[in-house]
Amino acid sequence: MQYFFITGFLLTLFTCTAQCQTVVDITQIALMKPGNNATGVFTGDSSARCVAVLGEPDQVTDHYSEIDEDTLKLYKYGKNNIFFRQDRMVNWNLSDNSISVGAVNGQVFKVGDKLASQNLKPYQRPGTRTTAQFLNFLITHRTGISRNLHYDSASVLQLKTGSIHLDSRIELLFDRTNKLFSIAMLD
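Residues numbered from 1 in each chain as written. Predicted model: local features only at pLDDT ≥ 70, side-chain atom pairs only at ≥ 80, totals over all residues. Heavy atoms only, no water.

Caption draft 1: Focus on the packing of aromatic side chains. Summed over all chains, the structure comprises 4 aromatic pairs. Three or more aromatic residues joined by ring pairs form one cluster here, namely F109, F134, F137 and F174. (Phe/Tyr/Trp six-rings, centres within 6.5 Å; stacked < 30°, edge-to-face > 60°.)

Caption draft 2: Representation of the pairing of strand β2 (residues 30-33). The pairing of β2 with strand β3 (residues 36-42) spans 3 bridges and is antiparallel. If you follow K33 over to β3, its bridge partner there is N36. Where β2 hands over to β3, the hairpin turn is made up of 2 residues, of which G35 adopts a positive phi near 90°. (Pairing = 2+ DSSP bridges. Helix = DSSP H or I, 4+ residues; strand = E, 2+ residues; numbered from the N terminus.)

Caption draft 3: Quick peek at the sheet that holds β2. One open sheet holds the 4 strands; their spatial order is β3-β2-β8-β9, and the pairing between them is antiparallel. On the outer flanks of this sheet lie β3 and β9 (108-109), each paired with one strand and no other. Helix-sheet contacts for helix α2 (residues 47-54) involve β2 and β3, and the interaxial angle to β3 is about 160°. (Contact = heavy atoms within 4.5 Å. Axes fitted to C-alpha atoms, helices over the stretch in contact; angles between N-to-C directions.)

Caption draft 4: Seen up close, the layout of surface pockets. Estimates place the volume of the second largest pocket at around 360 Å³. Lining the second largest pocket are 17 residues, with H63, I67, F83, N91 and L186 sitting closest to its centre. At the level of secondary structure, the elements contributing two or more residues to the lining of the second largest pocket comprise β4 (59-65), β7 (88-94) and β16 (180-186). The class makeup of the residues in the lining of the second largest pocket is 8 nonpolar, 4 polar and 5 charged. (1 Å grid on protein atoms, 1.4 Å probe; cavity = no way out; pocket = protein on both sides within 12 Å on 5 of 7 lines; lining within 4 Å. Points joined across faces, edges and corners; volume = space filled by probe spheres on them. Nonpolar A, V, L, I, M, F, W, Y, C, P; charged D, E, K, R; others polar.)

Caption draft 5: Representation of the side chain of S100. On the secondary structure map, S100 appears in strand β8 (residues 100-102). The exposure class of S100 is buried, given its relative accessible area of 4%. (Buried < 20%, exposed > 50% of the residue type's maximum accessible area, 1.4 Å probe, protein only.)

This is a description of form; function is not addressed.
So this is what it looks like as structure tokens:
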């Protein structure tokens, strides 16, 4: 009996976790210059397209990826890193507000944007929040560390293309002041 209870609990937990994640179509996520959301750079676009949209990078270097077991080109725009494999954008990590993320001609966000302190209750433990959202993305309410960055809350967006779910995700990290300080597309 106890075995069935534990199994049922775990299945419910995994089902809720899978259903509670925000899923976003990768073809709708672009990198853009702030103030110009009419054109963007998408995953799979060439480095030439990236330069046409975002301008010349501050620096271009080689970066060895142990996960990919390949050398990637790293385009640095201030504190922002955009990685290319075989001249195609594969992932990125944004740490300053010189690049926006979002839908072309749609909703965009950037590093420095604030998470609204909605529905906070005075009796809650520090580091916890009621269910909150950032631009309709579910916020997880645990403090933690990701990629050696300490955060107070985070949103992880699972990526898909059409009906195919990908192993990639977009991670939004917020600090103690509810400020978005890191946006990354990871695989």
